[in-house]
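# Coordinate inspection notes
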Amino acid sequence: MRKSVDRTLLGIVMLLVVGGFFIFSSASLGLLAREGARFSSVAFNQIFFGIIGGSIALFVASGIHYRFWRKYAFYFFLASMLLTLLVFAPKIGLALNGAHRWVRIGFFSFQPAELLKIGYIIYLATWLSGMKQHVASFTKGALPFFGIIALTGCLVLIQPDTDTFVMMALAGVIMFLTAGGRWRDVLIFAAVGLALLAIFAYFHPYVMNRFTSFVDPSR
């Protein structure tokens, strides 16, 4: 079967990669100046491990049939959640500034939440595909769907990693609406989510600081 490339999607990915590289580079200038690191070393890591490594991963993943991802979506999602829990494991999880977001194995460290994002998206896509006839139903579609987001969100928020949760929640909502979900259900759960986020921000000042600094950068 002849394979075709979604040029629009590929173009969006390329724009995100290039834009992300420049945004990350500009955000790193202040840190580099303070710590005396060289910009060339940071740029090399981003180009070699990020752009080139990511491009290789894109090429490999594009050759895998979507049925493979659909077949193993739940197991991939479950494995990524269990891996994320390792951030709290003694001698494996790495805490920085009170946040448990890293796993260190020997000399290698990484953020399991990055794999959780992928497992989460693949599983949601699989779930929505299988439940497309019930997506517009509140009890059979919206309720279990937002239950998946809430379960994943709890795992991310206890690290805590609010930014990752917000991105994952927004991605999930867009997928839900694209699959035929109703705006009314989204608004209901958005109201509940904002109320819970306000409570979370009240007990975690760093979250409130994020909001206040976004509204008033001078603070």
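The sections below set out a description of the structure shown in this document. (Residues numbered from 1 in each chain as written. Predicted model: local features only at pLDDT ≥ 70, side-chain atom pairs only at ≥ 80, totals over all residues. Heavy atoms only, no water.)

### A closer look at the overall build of the protein chain
Heads up, the rule is: Counting from the N terminus, the helices are the DSSP runs of H or I reaching at least four residues and the strands are the DSSP runs of E reaching at least two. When accessible area is computed with a 1.4 Å probe and restricted to protein chains, residues below 20% of their type maximum are described as buried, those above 50% as exposed, and intermediate ones as partly exposed. Contacts: residue pairs with any heavy atoms within 4.5 Å of one another. Throughout, the Shrake-Rupley method with a 1.4 Å probe supplies accessible areas, and for residues the shown protein chains are the sole cover considered.
Per the secondary structure count, the protein chain includes eight helices and three strands. Element order for the protein chain, N to C, with α for helix and β for strand: α-α-α-β-β-β-α-α-α-α-α. Burial statistics for the protein chain: of 219 residues in total, 27% are counted as buried. For the protein chain, contacts bridging at least 24 residues in sequence account for 59% of all contacts bridging at least 6. Within the structure as shown, the protein chain displays about 15200 Å² of accessible surface, and the carbon and sulfur contribution to it stands at 72%.

### Quick look at the side chain of Thr152
Looking at the element boundaries, Thr152 is found in helix α5 (residues 138-157). A relative accessible area of 2% means that Thr152 is categorised as buried. Once residues lying within four places of it in the same chain are set aside, the contact partners of Thr152 are Phe77, Leu116, Tyr120 and Met168.

### A word on the pattern of salt bridges
For clarity, the cut-off: The salt bridge definition used is simple: a Lys or Arg side-chain nitrogen within 4 Å of an Asp or Glu carboxyl oxygen.
Overall, the coordinates contain three salt bridges when judged by the stated rule. Salt-bridge contacts for Glu114 lead to Lys117; the nearest nitrogen and oxygen are separated by 3.3 Å. Placement of both Glu114 and Lys117 in helix α4 (residues 112-130) is noted, with a separation of three residues, approximately one turn of the helix. A salt bridge links Arg182 to Asp185; the shortest N-O distance between them is 3.2 Å. Since its relative accessible area comes to 0%, Asp185 is described here as buried. One network of salt bridges, with partners in common, ties together Arg182, Arg184 and Asp185.

### Quick word on helix α7 (residues 183-203)
Formally: A helix is expected to span 1.5 Å multiplied by its residue count minus one. To be clear, the arc concerns the directions from the helix axis to the C-beta atoms.
Between the first and last C-alpha of α7 there are 30 Å, a value that for 21 residues agrees with the 30 Å anticipated at 1.5 Å per step. Along α7, the positions that sit buried rather than exposed are Asp185, Val186, Phe189, Leu197, Phe200 and Ala201. Projected onto a plane normal to the axis of α7, the buried residues spread over an arc of 120° and lie on a single side. Turned more than 90 degrees off the buried face of α7, the exposed positions are Arg184, Leu187, Leu194 and Tyr202.

### Overview of the pairing of strand β2 (residues 99-105)
Note on strand geometry: in a regular strand, side chains alternate between the two faces of the sheet. As a reminder of what qualifies: Strand pairing requires that DSSP identify at least two bridges connecting the strands.
Note that strand β1 (residues 93-96) and β2 share four bridges and pair antiparallel. When the bridges of β2 are listed, Leu94 appears paired with Trp102. Here β2 runs beside strand β3 (residues 108-110); their pairing, made up of three bridges, is antiparallel. The partner of Ile105 across the bridge, within β3, is Phe108. In this antiparallel pair of consecutive strands, β2 and β3, the connection spans two residues, and Gly106 shows a positive phi of 65°.

Such coordinate-based values are descriptive only and should not be taken to indicate function.
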